[in-house]
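# Descriptive analysis of the structure
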Amino acid sequence: MWKSMTSPTSESEATLTLAIVNDGDVVRGRQAVRDLAVSAKLSLVDQTKLVTATSELARNTLVYGGGGELRASIVSEGGRQGVEVEFIDDGPGIPDLDLALTDGWTSGSGLGLGLSGAKRLVEDFEVDSAPGRGTRVRIVKWKR
Amino acid sequence: MDRIPILRIGDVLLVSIQIDLQDQTALALQDDLSSKIVETGAKGVLIDISALEIVDSFIGRMISTTAAVSRVLDAETVVVGMQPAVAITLVELGLTLDGVRTALDVDRGLALLSSALGKAGSDVEVDDLAHE
């Protein structure tokens, strides 16, 4: 499912990095990703899907990862443009990824839609996590 | 932290969310609304989300919980003004807002509340819309 970004096309122009350490940062992350989505000329529905996925994942970074970082950039591959967002934390990690990606499953007080819901809202979705190694989630929404 | 103002119009509490909601602000609104319902004896709650650019699972849960708490406190909740892109995203995310009544705009929301409350005691004039 994940498409490699190593192809020698024009890689990201500039990467925007934002610390996620409180509620306000989640809002700032949403706004920054919205700006990039507008620049990348995503449709309004696709912007909304990407920003919503960003909100879910940035909240996960804050609540479950104990804070971390959001990195966002415009990427292109084979002539198409998209917005890539990464969420990185040094938290406890996800012990059972399959379980964590199940609708309705939650380790906390949430609805259990964060990871699974975010995955449905974007085209590319990649999670790298293990107990004690933190979590890195990478998503891309491509312009249609 | 920002707080969302709650206006009282007759038997209805009106909330219009005009900012990008932080989680703590959403939780504070949920608490404030519950207190205001008890304090005023309001029978209806109208939440205008037309300015919200996203509704994620946290805000969705706040809306569902507010509707459930209102019901227990003898008040009906109607959510109005959801943008089409937000509605599409919400469904794809997997949120169904169970038990939440919705209307397209404030006028229709007030009409819905008015008919649900049998109009008794309501100062809000929405007779024309109620017959649509």
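Just so it is clear, the model here is predicted, and its values are computed rather than measured.

### Some details on helix H4 (residues 114–121) of chain A
- The element H4 of chain A is extensively covered by neighbouring structure, given that six of its eight residues are classed as buried.
- Of all the residues in H4 of chain A, the buried ones are Gly114, Leu115, Ser116, Gly117, Ala118 and Leu121 of chain A.
- Summarising the contacts, the buried residues of H4 of chain A are in contact with helix H2 (44–63), helix H3 (97–100), strand E4 (124–129) and strand E5 (135–142) of chain A together with helix H3 (84–93) of chain B.

### A closer look at the interface of chain B and chain A
- Contacts between chain B and chain A engage 20 residues on the former and 23 residues on the latter.
- Of all residues in chain B, the largest losses of buried area upon contact with chain A belong to Ile54, Glu92 and Leu93 of chain B, amounting jointly to 28% of the total for that side.
- For the pair chain B and chain A, the number of links is six salt bridges.
- In this structure, the salt-bridge partner of Asp56 of chain B is Arg59 of chain A, at a minimum N-O distance of 2.7 Å.

### Quick look at the packing of H2 of chain A against H4 of chain A
Residue and element names in this part refer to chain A.
- At their nearest, the axes of H2 and H4 sit 9 Å apart, and the two run at 155 degrees to each other. As judged from the angle between their axes, H2 and H4 are roughly antiparallel. Considering the relative orientation of H2 and H4, their crossing is left-handed. Two secondary-structure elements touch here, H2 through Lys49, Thr52, Ala53, Glu56, Leu57 and Asn60 and H4 through Gly114, Leu115, Ala118 and Leu121.
- When grouped by side-chain class, the residues that make up the contact of H2 with H4 number five nonpolar, three polar and two charged.

### Here's the deal with the sheet that holds E5 of chain A
Residue and element names in this part refer to chain A.
- One open sheet accounts for five strands, arranged E1-E2-E3-E5-E4; its pairing is antiparallel. Each edge of the open sheet carries a strand with a single partner, namely strand E1 (16–20) and E4. Sheet twist, expressed as the average angle between the axes of neighbouring strands with direction ignored, equals 15 degrees.

### With respect to the sheet that holds strand E3 (residues 44–48) of chain B
All names here are of chain B.
- The strand order across the open sheet built from five strands is E1-E2-E3-E4-E5, with neighbouring strands paired in mixed fashion. The sheet terminates laterally at strand E1 (6–9) and strand E5 (101–103), the two strands that pair on one side only. Between one strand axis and the next, the sheet turns by 25 degrees as a mean value, whatever way the strands run.
- Pairing of E3 with strand E4 (residues 76–80) involves five bridges; the strand directions are parallel. If you follow Gly44 over to E4, its bridge partner there is Glu76.
- Against the sheet, helix H2 (residues 57–72) makes contact with E3 and E4, and its axis sits at roughly 150 degrees relative to E4, the strand it touches most.

### Looking at the environment of Ala51 of chain B
Residues and elements named next belong to chain B.
- Turning to its location among the elements, Ala51 is positioned in the loop between E3 and H2.
- When the C-alpha atoms of Ala51 and Ile19 are compared, they prove to be 7.4 Å apart, with 32 residues separating the residues in sequence.
- Ignoring any residue separated from it by four or fewer positions in sequence, one finds Ala51 in contact with Ile17, Gln18 and Gln83.

### Describing the pairing of strand E2 (residues 12–16) of chain B
Residues and elements named next belong to chain B.
- Burial of E2 is extensive: four of the five residues sit out of reach of the surface.
- In this structure, E1 lies alongside E2, joined through four bridges in antiparallel fashion. When the bridges of E2 are listed, Ile6 appears paired with Val15.
- Counting the residues between successive antiparallel strands, the hairpin from E1 to E2 contains two residues, one of them, Gly10, with a positive phi of roughly 60 degrees.

### Looking at the nonpolar core
- Ranked by size, the top nonpolar core spans 59 residues in total, and within it Leu50, Val85 and Ile139 of chain A together with Ile17 of chain B carry the most contacts.
- Each residue touching Ile139 of chain A, except ones within four places of it in the same chain, is listed here: Leu50, Ala53, Thr54, Leu57, Val83, Glu84, Val85, Phe87, Val122, Asp124 and Phe125 of chain A.
- In terms of nonpolar packing, the next biggest core, distinct from the first, is built from eight residues, Leu14, Val80, Leu110 and Leu113 of chain B among them.

### Description of the packing of aromatic side chains
- Tallying each qualifying case throughout the model produces zero aromatic pairs over all chains.
- Here the basic side chain of Arg80 of chain A rests over the ring of Trp142 of chain A, its NZ or CZ set 4.2 Å away from the ring centre.

### Let's talk about unusual backbone geometry
- Located in the positive-phi region is Lys41 of chain A, a residue other than glycine, with phi close to 60 degrees.
- With respect to the element layout, Lys41 of chain A can be found in the loop between helix H1 (23–39) and H2.
- Classification of Lys41 of chain A by relative accessible area gives exposed; the value is 60%.
- The phi angle at Leu97 of chain B is positive, at roughly 50 degrees, despite the residue not being glycine.
- Summarising the element assignment, Leu97 of chain B is placed in the loop between H3 and E5.

Thresholds, definitions, all that
- Numbering of residues starts from 1 in every chain and runs along the sequence as written.
- Working convention: letters from A go to chains and numbers from 1 go to ligands, in the order in which they are written.
- Given that the model is predicted, a residue must reach a pLDDT of at least 70 before its local features are reported, and side-chain atom pairs must reach 80 or more before they are shown or counted; all residues, however, enter totals for whole chains, interfaces and linings.
- Calculated side-chain values reflect all of the structure's heavy atoms, with hydrogen atoms and water omitted.
- Throughout, exposure labels follow a simple rule: accessible area from a 1.4 Å probe, protein chains only, divided by the maximum for the residue type, with under 20% read as buried, over 50% as exposed, and the rest as partly exposed.
- To qualify as a helix, a DSSP run of H or I must reach at least 4 residues; to qualify as a strand, a run of E must reach at least 2; elements of each kind are numbered from the N terminus.
- For this analysis, residues touch if any pair of their heavy atoms sits within 4.5 Å.
- Throughout, the accessible surface (probe 1.4 Å) given up by two parts as they are put together, summed over both, is called the buried area.
- Here, a salt bridge means any Lys or Arg side-chain nitrogen found within 4 Å of an Asp or Glu carboxyl oxygen.
- Axis lines are fitted to C-alpha atoms, over the contacting stretch for helices. Their N-to-C directions set the angle, which ranges from 0 to 180 degrees.
- An angle below 35 degrees is read as roughly parallel, one above 145 as roughly antiparallel, one from 65 to 115 as roughly perpendicular, and any other as oblique.
- Should the near helix be turned anticlockwise from the far one by less than a right angle, the crossing is termed left-handed; should it be turned clockwise, right-handed.
- Throughout, the ten residues Ala, Val, Leu, Ile, Met, Phe, Trp, Tyr, Cys and Pro are labelled nonpolar, Asp, Glu, Lys and Arg are labelled charged, and all others, Gly among them, are labelled polar.
- A pair of strands is treated as paired once DSSP finds two or more bridges between them.
- Here the nonpolar core consists of buried residues drawn from Ala, Val, Leu, Ile, Met, Phe, Trp, Tyr and Cys, with membership extended through side-chain atoms lying within 4.5 Å.
- Geometry of aromatic contacts follows a simple scheme: Phe, Tyr and Trp rings, the Trp one being its six-membered ring, pair when their centres are within 6.5 Å, and the pair is stacked under 30 degrees between planes, edge-to-face over 60, tilted otherwise.
- Criterion for a charge above a ring: Lys NZ or Arg CZ within 6 Å of the ring centre, and within 35 degrees of the ring normal.

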